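# Overview (structure and organization)
So the chains spell out like this:
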Amino acid sequence: MPRYECEFEAEVLAAAIQSRWPDRVDPALREHASKCQVCSDVAVVAAAIDTAREETRELPVLPDAGRVWWVAQMRARREAALKAARPITATQLIAGACAVGLLGACFGATSAWFQESLHHLATIDAPGLLAQHGALAAGIGAVLVLVPAAAWLALRKE
Amino acid sequence: MTFTDVSRADAISAEAGLVMDEESFRAFYERNARSVWAYLARLTGDRYAADDLLQEAFYRFLRAGSAYESETHRRNALYRIATNLARDARRRVLSHPVGVIAGDDIEKVAGRQAAGSVDQSADVTRALSRLKPRERAMLWLAYAEGASHNEIAEALGLKPGSMKLMLFRARRRLASLLGKDTR
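Structure report, in brief. (Residues numbered from 1 in each chain as written. Chains lettered and ligands numbered in written order. Predicted model: local features only at pLDDT ≥ 70, side-chain atom pairs only at ≥ 80, totals over all residues. Heavy atoms only, no water.)

### Looking at unusual backbone geometry
All names here are of chain A.
- Looking along the chain, the bond that leaves tryptophan 21 and enters proline 22 is cis, with omega of 0°.
- Its location among the elements puts proline 22 in the loop between helix H1 (9–17) and helix H2 (27–35).
- We note that serine 19 has phi near 55°; this positive angle belongs to a residue other than glycine.
- Checked against the element boundaries, serine 19 lands in the loop between H1 and H2.
- Overall, the relative accessible area of 53% leaves serine 19 in the exposed class. (Helix = DSSP H or I, 4+ residues; strand = E, 2+ residues; numbered from the N terminus. Buried < 20%, exposed > 50% of the residue type's maximum accessible area, 1.4 Å probe, protein only.)

Here it is in structure tokens:
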């Protein structure tokens, strides 16, 4: 069964990271590493990654901490505002569902009266009635179009 | 910064739901940004992706809203976020390939920066890019950041008990790829 670690591993690692490996270390440690797979791997890998790290760390032009902070602030606020708006939407949905239910219940309660009224309307002379109350019909029509349009515009601005 | 400024900054932080005040964040950023960038660049192989992911990592860290026992825990949390972001970015690249191969971009730029050690740097970059992303992350944290087994496990979301074996295997693989197989 192979060994996964070695008691000298830390010593080899320190030497590799401090660029002392292999020339400026105790010969006994070098001798040990030549026979120990864990230590020889640590020496090779640590030295290679340390070189890569030094080069990579020099590359970035990092954004200023203050800029990152304020961008985070702005994003957090925007997300907080969206989150705060979510319960209102849920409440609106619940209210809408309640209104539909209420309308349904009212319709059920008055359906006999409603059917009777429809039957009555069928017997009415519609063109004659419209000519008689044209202004009122136009007013009701205008309200039915303008009120939803105004409500939509107001909500869209928000 | 005056007391009023500090209170105002704290109020803004609280309003935005951020866990740190500006001064602590600046200090934390200055201490860690460069290392996290290097980590992200090595994991993704794309320095432009690393630029974006760095800011995202710090933002998510701030938004996490967790209280940390120590600087080490705080740092591990940041690396864990960075690891997840790099993994997601890699998945995106795999599902919508745009011709970026892990390590290529970094290799070119690193080569320009340090002309004296181009060959060695390119070898290391190529070898690293042939490792599995998790192996790359593990080795980078262990040997570039000097993280302990527990810290690596915490940052990568792995069990600490399995770290020794996993690290051993990853190290073995990289050593072989570097052509220094000592068997």
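Picking up after the structure, the text goes on.
### A short note on H1(A)
Residue and element names in this part refer to chain A.
- Of all the positions in H1, only Glu9, Val12, Ala15 and Ala16 are classed as buried. One side of H1 carries all its buried residues, which in axial view fall inside an arc of 130°.
- Downstream of H1 by a residue or two, serine 19 has a phi angle that is positive, lying close to 55°. (Arc of directions from axis to C-beta.)

### Points about the side chain of A:Thr56
- For A:Thr56, the location among the structural elements is in helix H3 (residues 37–58).
- Classification of A:Thr56 as buried rests on a relative accessible area of 0%.
- Polar contacts involving the side chain of A:Thr56 include one to the main-chain carbonyl oxygen of A:Ala52, which spans 2.6 Å.
- Each residue touching A:Thr56, except ones within four places of it in the same chain, is listed here: B:Trp37, B:Ala38, B:Ala41, B:Arg42 and B:Trp140. (Polar contact = N/O pair within 3.5 Å; in protein donor to acceptor, adjacent residues only side chain to side chain. Contact = heavy atoms within 4.5 Å.)

### A closer look at the interface of chain B and chain A
- Facing the 51 residues of chain B at the interface are 42 residues of chain A.
- Interface of chain B and chain A: buried area, both sides summed, is about 4,500 Å²; carbon and sulfur atoms make up 64% of it.
- The three residues of chain B that bury the most area against chain A are B:Arg34, B:Tyr59 and B:Tyr143, which together make up 16% of that side's buried surface.
- The residue B:Arg171 makes a salt bridge to A:Glu9 at a minimum N-O spacing of 3.4 Å.
- Taken together, the links from chain B to chain A amount to nine residue pairs in polar contact (both at pLDDT 80 or more).
- Examining the composition of the side of chain B that touches chain A, we find that 12 residues originate from one element, helix H2 (residues 22–44) of chain B, more than from any other. (Buried area = accessible area lost by both parts, 1.4 Å probe. Salt bridge = Lys/Arg side-chain N within 4 Å of Asp/Glu carboxyl O.)

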